[in-house]
Amino acid sequence: MQFDEFTGTVQHRLSFPGTGETLRAIRATLMTLGERIPEGNAADLAASLPMEIKWYMTGAVTEHGQRFDWPEFLTRVGEIENADRADAAYHARVIIDLVHTEVPASDFRQLRDALPESESDEGWGSLFEIVDSGGYSGGEE
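In this text the structure is predicted, and so the values were computed from the model without any measurement.

Analysis parameters
- Residues numbered from 1 in each chain as written.
- Predicted model: local features only at pLDDT ≥ 70, side-chain atom pairs only at ≥ 80, totals over all residues.
- Heavy atoms only, no water.
- Core = buried A, V, L, I, M, F, W, Y, C linked by side-chain atoms within 4.5 Å.
- Buried < 20%, exposed > 50% of the residue type's maximum accessible area, 1.4 Å probe, protein only.
- Helix = DSSP H or I, 4+ residues; strand = E, 2+ residues; numbered from the N terminus.
- Contact = heavy atoms within 4.5 Å.
- Axes fitted to C-alpha atoms, helices over the stretch in contact; angles between N-to-C directions.
- Parallel < 35°, antiparallel > 145°, perpendicular 65-115°, else oblique.
- Left-handed = near helix turned anticlockwise from the far one by under 90°.
- Nonpolar A, V, L, I, M, F, W, Y, C, P; charged D, E, K, R; others polar.

**Q** So what exactly am I meant to see when it comes to the nonpolar core here?
**A** Nonpolar side chains in soluble globular proteins tend to be buried together. Grouped together as the largest cluster of nonpolar side chains are 40 residues, with contacts concentrated most on Leu30, Leu33, Phe73 and Leu127. Going through the elements one at a time, helix 1 (3–14), helix 2 (19–36), helix 3 (39–46), helix 4 (51–57), helix 5 (70–81), helix 6 (85–102), helix 7 (105–114) and helix 8 (129–132) are the ones with two or more residues in this core. Ranked by residue count, the leading element in this core is helix 6, at 8 residues. Among residues more than four places away in sequence, those in contact with leucine 33 are Leu45, Met57, Phe73, Ile96, Leu111, Leu115 and Leu127.

Below you can see the structure in the form of structure tokens.
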């Protein structure tokens, strides 16, 4: 998938009016995720994404492997995106679902393994709600 198709798909799925909002949501989600997971995992996951999108998980991140919980993830995404936590959570889920369709299963598994998904994980499993429910089903694309 090329950059325009990736951003267009996110824009359509999130019903954003413009590219600016779309890029902010993508950047907020992937940059914050890149901060949370180890550098090698971020590079592996990003390798199959368009070059411009890949940069958010790798080049835009100054410190990988930070330890923060799901609520802090949502706070960081919301601040970058200028969205409330509920919107940030939904946007992140939609973006991660699209990433899931674009990367090898082994790289996506590395992402899941890098994040706690136990009952006491404070929510990380909810990042994968759309993926786990069978993927985006908002109609024809």
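**Q** It is not clear to me how the packing of helix 1 against helix 6 should be interpreted in this structure. Could you clarify?
**A** What describes two packed helices is the angle between their axes and the distance between those same axes. Remark: helix 1 packs on helix 6, axes separated minimally by 10 Å, with the N-to-C direction vectors making an angle of 140 degrees. Regarding the angle of helix 1 to helix 6, the classification is oblique. Along this stretch, helix 1 crosses helix 6, giving a crossing that reads as right-handed. The residues of helix 6 that touch helix 1, namely those facing Phe6, Thr9, Val10, Arg13 and Leu14, are Tyr90, His91, Val94, Ile95, Asp97, Leu98 and Val99. Taken together, the residues of the contact of helix 1 with helix 6 sort by class into 8 nonpolar, 2 polar and 2 charged.

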